[in-house]
2 protein chains.
Amino acid sequence: MKSENNKSVPLVVIKRLPRYYRYLGELLKQGVTRISSKHLSEKMGVTASQIRQDLNCFGGFGQQGYGYKIENLYHEIGEILGLSRGYRTIIIGAGNLGHALANHSNFEKRGFHLVGIFDNNSELVGSRINQIPVSHIDTIEDFFREKGADIAILALPKHSVKEVVDRLVALGIKGLWNFSYTDIDVPDDVAVENVHLSDSLMTLSYKITEGNTASDLDA
Amino acid sequence: MKSENNKSVPLVVIKRLPRYYRYLGELLKQGVTRISSKHLSEKMGVTASQIRQDLNCFGGFGQQGYGYKIENLYHEIGEILGLSRGYRTIIIGAGNLGHALANHSNFEKRGFHLVGIFDNNSELVGSRINQIPVSHIDTIEDFFREKGADIAILALPKHSVKEVVDRLVALGIKGLWNFSYTDIDVPDDVAVENVHLSDSLMTLSYKITEGNTASDLDA
């Protein structure tokens, strides 16, 4: 489901939406119903004018002296991000990282339903992580035929990635969340989000080397 | 150690440096000594003109018909990122995520030396992860007095983060790599790099919702 306003939202704004969504969700949980751009700006460390500009992009108009209705904004941003769709999610790789991700309670809340975990290590097959059984990677074609999945989380070693990705693409996977330390090559209709941890650690090193540039780089 | 050219490098370029570093490192490992911007651009999925612009920012001049000397470029980028300094790194939180990060062999290669792991769970204290003993968080002041650390990796639950961060800041930590699902508040001289996994997953959801916008968002 595409939001009408959506097409005109610049990419730099889109990239900031998950953070707005997270903050607004926390405020809702605290029972706050509205907030001024000034107050939100103090909480998020972004200028109030940037917040006004960003939120105006998709019709999140604050009223002078009243501020933003948090619940409306929260749901509108969730729609743009596609969070109400619900995604059948599988994890490939049942090592420490796969474990950590399987136990990440926030994902379920955001509509990412963990429905399978796969590994090529027979010793792990049959064990359970967060109540989900670990299956052998060679059963993945059967799994897709019977149940299907939208998103695969790649938590497996670099050298196995290409073969697994090719199989997932052939099975019609819609999105890949890639934790392996390599960029992957997929057709245009498969979405990819990379979490390259080494890149992030190198960025931290740069920030330390340069003194405080943290807020600039995060903006 | 600051590179002379460094100050003039725009932040958007800085953010792309870890990826260049990773690619150049792989090429070096394969024994490649020079590469044209065209060839590098095909490998990285960035335009050749962007590569030329980026690398010119810090004096990485390619020669017409010859290309870039990979080893020079690799070391220059490593210097800008501060990777030659070497960082004493500790992990706070010995759960699945802490385990996964402790076993991440790439970090050591980049100069991040794991020197300690801390947790508040007495059952984990005394166990070893990747040969490093897990110590109780209450010994962290002693640890800093005797040995010190530059970077702390925060792999602990959200509700414990603030207290631990305040202690680390008081102990003179230089950088925090934050995996907890909350933004942290530190003085200006402490560098922070956040890895907000939920934000990344929400971005993937957006990319799936919108069809293929993957390459645009990654650029």
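## Comments concerning the interface of chain A and chain B
Taken together, the contacts link 66 residues of chain A with 66 residues of chain B. Buried surface at the junction of chain A and chain B, summed over both partners, amounts to about 6200 Å²; 59% is from carbon and sulfur atoms. The interface formed by chain A and chain B includes 10 salt bridges. The partner of Lys207(B) in a salt bridge is Glu193(A), and the shortest N-O contact between them spans 2.8 Å. Remark: the boundary between chain A and chain B carries 30 residue pairs in polar contact (both at pLDDT 80 or more). No other element matches the 13 residues that helix H9 (residues 197–209) of chain A contributes to the side of chain A that touches chain B.

## Quick notes on the side chain of Asp199(A)
With respect to the element layout, Asp199(A) can be found in helix H9. Looking at Asp199(A), the relative accessible area reads 12%, which means it is buried. Setting aside residues up to four positions removed in sequence, Asp199(A) forms contacts with Pro18(B), Arg19(B) and Arg22(B).

## Here's the deal with the side chain of His104(B)
Note on placement: His104(B) falls in the loop between helix H5 (96–102) and helix H6 (105–109). Contacts of His104(B), omitting those with residues within four sequence positions, involve Tyr181(A), Leu197(A) and Ser198(A).

## Some details on the sheet that holds strand S4 (residues 112–119) of chain B
Across the sheet, which stays open at both edges, the seven strands sit in the order S5-S6-S4-S3-S7-S8-S9 (chain B) with mixed pairing between neighbours. This sheet does not close on itself; its edge strands, each paired only once, are strand S5 (128–129) and strand S9 (191–194) of chain B. Note: strand S3 (residues 87–92) of chain B against S4(B), six bridges, orientation parallel. When the bridges of S4(B) are listed, Arg88(B) appears paired with His113(B). Helix-sheet contacts for H9(A) involve S3, S4, strand S7 (151–154), strand S8 (175–178) and S9 of chain B, and the interaxial angle to S9(B) is about 160°.

## Things to note about the sheet that holds strand S6 (residues 132–136) of chain A
Spatially, seven strands are ordered S5-S6-S4-S3-S7-S8-S9 (chain A) in an open sheet, and the strand pairing comes out mixed. Edge positions in the sheet fall to strand S5 (128–129) and strand S9 (191–194) of chain A, since each has one partner strand and no second. In terms of strand pairing, strand S8 (residues 175–178) of chain A meets S9(A) through four bridges, oriented parallel. Looking at S9(A), one finds that Asn178(A) is bridged to Asn194(A). Seen against the sheet, helix H9 (residues 197–209) of chain B touches strand S3 (87–92), strand S4 (112–119), strand S7 (151–154), S8 and S9 of chain A and runs at an angle of roughly 160° to S9(A).

## Points about the domain arrangement of chain A
Split by domain assignment, chain A resolves into domain 1 (11–81) and domain 2 (87–199). Using only C-alpha atoms to locate each centre, domain 1 of chain A and domain 2 of chain A end up separated by 32 Å.

## Some points on the relation of the copies chain A and chain B
Mapping chain A onto chain B is achieved by rotating through 180° and translating by 0.0 Å along the same axis, at an RMSD of 0.0 Å. Expressed as a symmetry operation, the mapping of one chain copy onto the other fits a two-fold axis. When C-alpha distances to the rotation axis are compared across chain A, the minimum falls at Asn96(A), with a value of 2.7 Å. Here 100% of the interface residues in chain A have copies in chain B that are interface residues too; the copies meet face to matching face.

## Quick notes on the pattern of salt bridges
Scanning all chains against the criterion turns up 26 salt bridges over all chains. The shortest N-O distance in the salt bridge between Asp183(A) and Arg22(B) comes to 3.7 Å. With one member in each of two chains, Asp183(A) in the loop between S8 and S9 and Arg22(B) in helix H1 (residues 11–29) form a pair that bridges those chains. Take Asp183(A): its relative accessible area is 21%, and that puts it in the partly exposed class. Salt bridges sharing partners connect three or more residues here, namely Arg19(A), Arg22(A), Asp183(B) and Asp199(B).

What counts and how
Residues numbered from 1 in each chain as written. Chains lettered and ligands numbered in written order. Predicted model: local features only at pLDDT ≥ 70, side-chain atom pairs only at ≥ 80, totals over all residues. Heavy atoms only, no water. Contact = heavy atoms within 4.5 Å. Buried area = accessible area lost by both parts, 1.4 Å probe. Salt bridge = Lys/Arg side-chain N within 4 Å of Asp/Glu carboxyl O. Polar contact = N/O pair within 3.5 Å; in protein donor to acceptor, adjacent residues only side chain to side chain. Helix = DSSP H or I, 4+ residues; strand = E, 2+ residues; numbered from the N terminus. Buried < 20%, exposed > 50% of the residue type's maximum accessible area, 1.4 Å probe, protein only. Pairing = 2+ DSSP bridges. Axes fitted to C-alpha atoms, helices over the stretch in contact; angles between N-to-C directions. Domains from an automatic or database assignment. Least-squares fit on C-alpha atoms with pLDDT ≥ 70 in both.

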